[in-house]
Amino acid sequence: MQREIITYPNKILKQKSKDIESFDKDLHTLLDDMYETMVSKNGIGLAAIQINVPLNAFIINLPNKNDEQIKEDLVEIINPKFIEKKGSTIYTEGCLSIPEYYDDVDRAEWIEVEYFDRYGKKVLAQYDGLMAIAFQHECDHLLGELFIEKLSFLKRKKFEKEWKKKLKGSK
Ligand code: Y12
Ligand code: CO
């Protein structure tokens, strides 16, 4: 089932998410709904809090070498933890909760992480490139943080002005 995506400045997005304790049918339904919702909006990453579920879960489905987004490449991440971060890289990010706004964000270039899959199996993984960026972006959602909070003071001010104008226009 497709669910509604919460958009900025809804305070729900500032909520800290909690660890998942049961790897049961409800979790599988949540993950399936997140996938349906993300794909319907042409997204490549979505955290549970973005559909108003404050649990430590997110999904990432990056396009492959042929620029196709296929479900076989979907990664479901439950209760993630960073083990190590290295380097730094700048990427122009976007977020389904802040549609049509993109800006440069500086993040670690390489990460080592631990998380659980939908069946409760522990996974240890190392990521770089777009996967490392997306993983860090989604982990921020679990802490109630958005990529616009990483912008400089002036860029953030410009964003807030543009966003207010956009919201007024859509009323
Ligand atoms: C690198 C950086 C950030 C991420 C997080 C995941 N971000 C997204 O999936 C963003 C998708 C996105 C899609 C949009 O399109 C629609 O809503 C139809 C969009 O809005 C428009 O362009 C109108 C904004 C963002 C992963 C990797
Ligand atoms: Co986002």
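Residues numbered from 1 in each chain as written. Chains lettered and ligands numbered in written order. Predicted model: local features only at pLDDT ≥ 70, side-chain atom pairs only at ≥ 80, totals over all residues. Heavy atoms only, no water.

## Some remarks on the nonpolar core
One broad rule of soluble globular proteins: the nonpolar side chains tend to lie buried together. We apply this condition: Think of a nonpolar core as a cluster: buried Ala, Val, Leu, Ile, Met, Phe, Trp, Tyr and Cys residues, connected wherever their side-chain atoms sit within 4.5 Å. Relative accessibility decides the category of a residue: with a 1.4 Å probe and only protein chains considered, values under 20% of the type maximum give buried, values over 50% give exposed, and everything between is partly exposed. Numbering goes from the N terminus for both helices and strands, where a helix is a DSSP run of H or I of at least four residues and a strand is a run of E of at least two. Contacts: residue pairs with any heavy atoms within 4.5 Å of one another.
By size, the foremost hydrophobic cluster in this structure holds 19 residues, and its most contacted members are Phe58, Ile60, Ile77, Tyr115, Tyr127, Met131 and Phe135. Those elements that place two or more of their residues in this core are strand 2 (57-60), strand 3 (75-86), strand 6 (110-116), strand 7 (122-128) and helix 2 (129-142). For this core, the element with the highest residue contribution is helix 2, accounting for six residues. In this structure, Ile60 is in contact with Ile44, Gly45, Asp73, Leu74, Val75, Ile77, Met131, Ala134, Phe135 and Glu138, ignoring residues within four places of it in sequence. The next biggest cluster of nonpolar side chains, apart from the first, holds 17 residues, and it includes Leu27, Met34, Leu46 and Ala48.

## Topic: the coordination of the cobalt ion (ligand 2)
Keep this limit in mind: Each metal site lists N, O and S donors within 2.8 Å (3.2 Å for Na, K and Ca). With water left out of the atoms, a site can look as if it is missing ligands.
Looking at the cobalt ion (ligand 2), one finds its protein donor set to be Cys95 (SG), His137 (NE2) and His141 (NE2), positioned 2.1 to 2.2 Å from the metal centre. Expressed as a motif, the donor residue spacing for the cobalt ion (ligand 2) is C-x41-H-x3-H. Of this pair, Cys95 sits in the loop between strand 4 (89-93) and strand 5 (103-107) while His141 sits in helix 2; the two residues are 46 residues apart in sequence, bridging distant segments of the chain. Accessibility classification places Cys95 together with His141 in one group, the buried group.

## Digging into helix 2
The line we're drawing: For a helix, the expected span equals 1.5 Å multiplied by the residue count minus one.
With 14 residues, helix 2 should cover 20 Å at 1.5 Å per step; its first-to-last C-alpha distance of 21 Å lies within 8% of that length. Most of helix 2 is tucked away: twelve of the 14 residues are buried. Taken together, the buried positions of helix 2 are occupied by Met131, Ala132, Ile133, Ala134, Phe135, Gln136, His137, Glu138, Cys139, Asp140, His141 and Leu142. Residue Gly144 follows helix 2 closely and has a positive phi angle near 80°.

That is the geometry; function is a separate question.
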